[in-house]
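Examination of the molecular architecture
Okay, here's what each chain looks like letter by letter:
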Amino acid sequence: MTRPQENKRRKLSAVARGLFAAASALALSGCFTAKDTTGAIPADYRQRHPITLKEKDHTVAILVGTSRGGLNAEQRADALAFAQRWKREATGGIIIDQPVGTPNAASAAAAAHETLSIFAAAGIPASAIAIRPYQPKNRVAVAALKLNYPVMAAEAGPCGLWPADLGPTDDINHNENAPYWNLGCASQRNLAAMVANPADLVQPRGETPPSAQRRSVMIEKYRKGENPSGTYPTAAQAKISDVGK
């Protein structure tokens, strides 16, 4: 065999070995796929259980008897407080659910009429109020007159979800010392329930104007060289112990 033919044969053999190695690697890659599961559960509880803002109904139920033609003193106070709260936090109009076909239907209609008068006196326009008749499932029972308006609310959860076992498992997340899924859910849910204004979770409130009267007093004390701090003569009365004195 001549030298050119031998060199050509060696080149073909090298190409064949390279193709075989590439095919073997491709076959092995199809049999085993690396899977990273360490990032399946976020480490930050605020990402696992985020607080979301949703629109839900704020409802006040007014119980009206069959023989009463209007509201009592406490119910009138509830209707007025409902109107004042609507001005502060409502995101939509008021819907009055009035029962029909019940033993107290006539009394509920009279109570709804009086409620409309209270709303008008509180400054709520009539265009923002709608009456929606409804029939309860149990028509024999006394149905309530319901006052509703939509409001923004903060929610988190639901809690109590356990997508993975806390005990020893074959899951790689168990060996990563990562927080389990339900950790922090109760704290997030309680915070969402306690916040007075859900908008505070998104952005800070605007600054209110300073007290001009208090500022004048502080400047005058500063000019006289006096201590500008306030005095609280009854502050010591709230102490229950003298430890540390």
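Note that this is a predicted model, so its numbers are computed, not measured. (Residues numbered from 1 in each chain as written. Predicted model: local features only at pLDDT ≥ 70, side-chain atom pairs only at ≥ 80, totals over all residues. Heavy atoms only, no water.)

Bringing the overall build of the chain into the picture now. Per the secondary structure count, the chain includes six helices and four strands. When the elements of the chain are put in sequence order from the N terminus, they spell out α-α-β-α-β-α-β-β-α-α. Here the chain, with 245 residues, has 22% of them falling under the buried criterion. Restricting the contact set of the chain to residue pairs at least 6 apart, pairs at least 24 apart contribute 81%. For the chain, the accessible surface area stands at approximately 17,900 Å², while carbon and sulfur atoms represent 56% of it. (Helix = DSSP H or I, 4+ residues; strand = E, 2+ residues; numbered from the N terminus. Buried < 20%, exposed > 50% of the residue type's maximum accessible area, 1.4 Å probe, protein only. Contact = heavy atoms within 4.5 Å. Areas by Shrake-Rupley, 256 points an atom, 1.4 Å probe, with all protein chains shown as cover.)

Counted according to the given criterion, the structure contains one disulfide. Disulfide pairing places C159 opposite C185 at an S-S distance of 2.0 Å. Handedness here is read from the sign of the S-S torsion; for C159 and C185, about -90 degrees, the answer is left-handed. With C159 in the loop between β4 (144-155) and α5 (185-194) and C185 in helix α5, this pair connects stretches of sequence that are 26 residues apart. Look at C159 and you get partly exposed, because its relative accessible area is 30%. (Disulfide = S-S within 2.5 Å.)

Attention now goes to the side chain of H49. Its location among the elements puts H49 in the loop between α2 (45-48) and β1 (52-63). Polar side-chain contacts of H49 include one of 2.6 Å to the backbone oxygen of W181. What H49 contacts, discounting residues up to four positions off in sequence, is W181, N182, L183, G184, C185 and Q188. (Polar contact = N/O pair within 3.5 Å; in protein donor to acceptor, adjacent residues only side chain to side chain.)

Let us now look at the nonpolar core. The biggest cluster of nonpolar side chains holds 22 residues, and the ones touching the most others in it are F82, I94, I96, F119 and I124. Only β1, α3 (73-89), β2 (94-99), α4 (105-121) and β4 provide two or more residues apiece to this core. Apart from residues no more than four positions distant in its own chain, F82 is found in contact with H58, V60, I94, F119, L147, N148 and Y149. (Core = buried A, V, L, I, M, F, W, Y, C linked by side-chain atoms within 4.5 Å.)

Here the focus is α5. Of all the positions in α5, only C185, Q188 and A192 are classed as buried. Taken around the axis of α5, the buried residues stretch over an arc of 70 degrees, which confines them to a single face. Facing away from the buried side of α5 by more than 90 degrees, the exposed set consists of A193 and M194. Against the buried residues of α5 lie α2 and β4. (Arc of directions from axis to C-beta.)

All right, on to a nonpolar patch on the surface then. Where nonpolar side chains cluster on the molecular surface, the patch consists of L53, M152, L191, L201 and V202 and spans about 410 Å² of accessible area. By the element assignment, L53 lies in strand β1. (Patch = residues over 30% accessible without salt bridge, like charges linked within 9 Å, V, L, I, M, F, W, Y side chains within 5 Å. Salt bridge = Lys/Arg side-chain N within 4 Å of Asp/Glu carboxyl O.)

A few words on the pattern of salt bridges. Under the criterion given, the structure shown has seven salt bridges. Ionic pairing is found between R76 and E114, a salt bridge with its closest N-O pair at 3.4 Å. In this pair, R76 is assigned in helix α3 and E114 in helix α4, connecting sequence segments 38 residues apart. Take R76: its relative accessible area is 35%, and that puts it in the partly exposed class. Linking R205 and D200 is a salt bridge whose minimum nitrogen-to-oxygen distance equals 2.9 Å.

With that settled, the discussion passes to the sheet that holds β1. If you trace the four strands from one edge of the open sheet to the other, you get β1-β4-β2-β3, paired in mixed fashion. Single-partner strands in this sheet number two, and they are β1 and β3 (129-134). Going from strand to strand, the sheet's axes swing by 30 degrees on average, the running direction of each strand aside. Here β1 pairs with β4 via 12 bridges, running antiparallel. Considered in β4, the bridge of T52 is made with E155. Of the strands in this sheet, β1, β2 and β4 are in contact with α3, which crosses β4 at around 35 degrees. (Pairing = 2+ DSSP bridges. Axes fitted to C-alpha atoms, helices over the stretch in contact; angles between N-to-C directions.)

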